[in-house]
Structures are given as structure tokens and as C-alpha cells.
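Close look at the chain arrangement
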Amino acid sequence: MRVAVLSDIHSNIVALDAVLSDAGDVDAIWHLGDVVGYGPQPDAVVARLDERDATGVRGNHDAAAIGGPEIDWFNPEARAAAEWTRDSIADSTRAWLSALPERRVVDDVLLVHGSPRDPLREYVTDRAAAEDNMAVQETQHALHGHTHVPAAWTATPDRVALIQPGASDAIDLGTYLMLINPGSVGQPRDGDARASYLVLDREIRRVTWHRVAYDIDRVQADMRAAGLPERLAARLSFGL
Ligand code: ZN
């Protein structure tokens, strides 16, 4: 069974479609939240995930879009985009987002947006945060997003180690605890502007990261036409 794992799509339908086409014939699609926010096409992204029977969890931007207090944590640009999203999504999109849980275990794998202990808020960016989270992680393998940077933390008996995978890098799912991040489909922040995702192969117990070029100009034009903040459009060119 091959699973495409997508996170932080952020209303970027052009990037999502490029990723789905690159992933091809997978058996399942799992998403790790922040389906909406920042980008110009929230309804189209939700419709596509729904049509593909994607299973996933809620991110802080999804919570903000359906009226949650999470909007108060945002910087002015993220807040402006969240307000735009809240005001422009269809009722069916709002209902779909509202039905997402904050955490979900699928086939013994934990899915969360931020971190296992704090799914809507915490960024796992350093070893201390990874160690604390892996100490309470209820499954051997967990998938998370939120940082928009591809990564894998592995807890061996001696230490917690970080792998920062590049395009096409793969790791084997060993017998140790792992906390794995596919990077962001719709707004990468690791200096590579291409959409990022991973494929989890359950049979051979292997995870492979992928990067996919997409039509960034088109998304930026849609963002400007929608009146979304210029800096959010500009950053897509740099993957930062
Ligand atoms: Zn995000």
C-alpha cells in the first residue's frame, strides 16, 4: 500500500494538482492540515481532497478559517489571508474543514499538524521539542507538518537524530520511534520553491520525499487578483 502524504497545501490548487499528478496511482492520500490559508483557491483544494477521499487532520489555518480563536496568533499578513479565506469559502468547504479532527491514527500511524502533544500550535524545530513529543507519541511512527520544512526525527536508544531530506531522499522505517514531516505542498519554506510531499510505502516500510515544480506565476497572479497580501505571493518564488 502506497500512501501520498501531503501537508500545508494552503489553498494552492496548482501545486496540489502537480503533486497528485506526480504521485500517480497511490492507494491513499493522507493530509496533515493547513489545507487552506495564504493561497487563493480554498474551495478547489477542499473539493479535490474530498474527491480523492483524502484522510487528514485540522491545522491552525483551517481552524482560523472556520472561526476559531487561532486567527489571533497570526501576523498581519496571515491574518488578512485568514479573514479573506473565512469570508470567501463555500458552506461545503466550511463543513468539510469543521469535520477534521485535531489528531487521527490511521493504520497505526499518528497524523497531526503541529506536534503530537500540541497539534494546533507547536512547531517541532529543535531536538528538545522532538524529544519531548516522542516521549508522549502513542504510535511508533507519526507524521506532522506546520514548519513547511521536510524532516525526520528518529529516536534511537542513544539519541534523537534529525534527517533533513532533499528531493528523492528516502529512509527506511526501522524499529525506532520516528516523527516525519513531508514539507509543504503549497508554501515551502526550505529555500526550494517546488512543492514538497512524501510517499509512504507500507509494504517495504520506506518513506521517499519528492519535489515537484508547478506554475508559481499562475498562483501569484490569482493571489494578486484576489487582493491577498503581496508578500505572501512573492515568497512563493523563493520557497521561503
Ligand atoms: Zn502551514
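What you see is a predicted model; the values in this text were computed from it and never measured. (Residues numbered from 1 in each chain as written. Predicted model: local features only at pLDDT ≥ 70, side-chain atom pairs only at ≥ 80, totals over all residues. Heavy atoms only, no water.)

1. A word on the sheet that holds strand E3 (residues 55–56)
- With mixed pairing, the 6 strands of this open sheet are ordered in space as E3-E2-E1-E11-E12-E9. Among the strands making up the open sheet, the edge pair consists of E3 and strand E9 (170–172).
- Relative to strand E12 (residues 206–212), strand E11 (residues 195–201) runs antiparallel, the two being bridged by 7 bridges. Bridge assignment links Ala195 to a residue of E12, and that residue is Val212. (Pairing = 2+ DSSP bridges. Helix = DSSP H or I, 4+ residues; strand = E, 2+ residues; numbered from the N terminus.)

2. As for the side chain of Thr139
- Within the secondary structure layout, Thr139 lies in the loop between helix H6 (127–136) and strand E6 (141–143).
- Residue class for Thr139 comes out buried when judged on its relative accessible area of 10%.
- At 3.3 Å, the side chain of Thr139 and the backbone nitrogen of Leu110 are in polar contact.
- Leaving out residues up to four positions away in the same chain, Thr139 has contacts with Val105, Asp108, Val109, Leu110 and Leu177. (Buried < 20%, exposed > 50% of the residue type's maximum accessible area, 1.4 Å probe, protein only. Polar contact = N/O pair within 3.5 Å; in protein donor to acceptor, adjacent residues only side chain to side chain. Contact = heavy atoms within 4.5 Å.)

3. A closer look at the coordination of the zinc ion
- On the protein side, the zinc ion has Asp8 (OD), His10 (NE2), Asp34 (OD) and His148 (NE2) as donor atoms, found 2.1 to 2.3 Å from it.
- Of note is the zinc ion, whose 4 donor atoms meet at the metal with angles of 84 to 175 degrees in an arrangement that counts as irregular.
- Spacing between the donor residues of the zinc ion along their common chain follows D-x1-H-x23-D-x113-H. Residue Asp8 is located in the loop between strand E1 (2–6) and helix H1 (13–23), and its partner His148 is located in the loop between E6 and strand E7 (151–155); the two are separated by 140 residues in the primary sequence. Exposure class is identical for Asp8 and His148. Each is buried. (Donors = N, O, S within 2.8 Å, 3.2 Å for Na, K, Ca; no water. Tetrahedral: all angles 85-135°; square planar, octahedral: opposite > 155°, others 65-115°.)

4. Section: H6
- Of the residues making up H6, those classed as buried are Ala129, Ala130, Asn133 and Met134. Across the axial projection of H6, the buried residues extend over an arc of 125 degrees, all falling on one side.
- Tucked into the core, H6 has its buried residues touching E7, strand E8 (160–163) and strand E10 (177–181). (Arc of directions from axis to C-beta.)

5. Here we look at helix H2 (residues 42–51)
- Taken residue by residue, H2 has Pro42, Val45, Val46 and Leu49 as its buried positions. All buried residues of H2 fall inside an arc of 95 degrees around its axis, so they share one side.
- In this structure, the buried side of H2 is in contact with H1, strand E2 (28–31), helix H4 (76–88) and helix H5 (91–98).
- Positioned one or two residues after H2, Asp53 has a phi angle of 55 degrees, which is positive.

6. Let's talk about the environment of Asp43
- Along the chain, the position of Asp43 falls in helix H2.
- A C-alpha to C-alpha distance of 39 Å links Asp43 and Ala155, two positions 112 residues apart in sequence.
- Those residues within four positions of Asp43 in sequence are excluded, and the remaining contacts are Ser88, Ile89, Ala90 and Thr93.

7. Description of the sheet that holds strand E5 (residues 109–112)
- Taken in spatial order, the 6 strands make up an open sheet running E4-E5-E6-E10-E7-E8, and their pairing is mixed. Single-partner strands in this sheet number two, and they are strand E4 (103–106) and E8. On average, each strand axis in the sheet is tilted by 20 degrees relative to the strand beside it, whichever way the strands run.
- Bridge count for E6 against E10 is 3 bridges, and the pairing is parallel. Across the sheet, Leu143 pairs through a bridge with Ile180, a residue of E10.
- The strands that H6 touches are E7, E8 and E10; relative to E8, the one it contacts most, it runs at about 120 degrees. (Axes fitted to C-alpha atoms, helices over the stretch in contact; angles between N-to-C directions.)

8. Remarks on the pattern of salt bridges
- Scanning all chains against the criterion turns up 15 salt bridges.
- Its salt-bridge partner being Glu122, residue Arg117 comes within 2.6 Å of it at the nearest N-O pair.
- Judged by its relative accessible area of 45%, Arg117 is partly exposed.
- Assessed through its relative accessible area of 15%, Glu122 is described here as buried. (Salt bridge = Lys/Arg side-chain N within 4 Å of Asp/Glu carboxyl O.)

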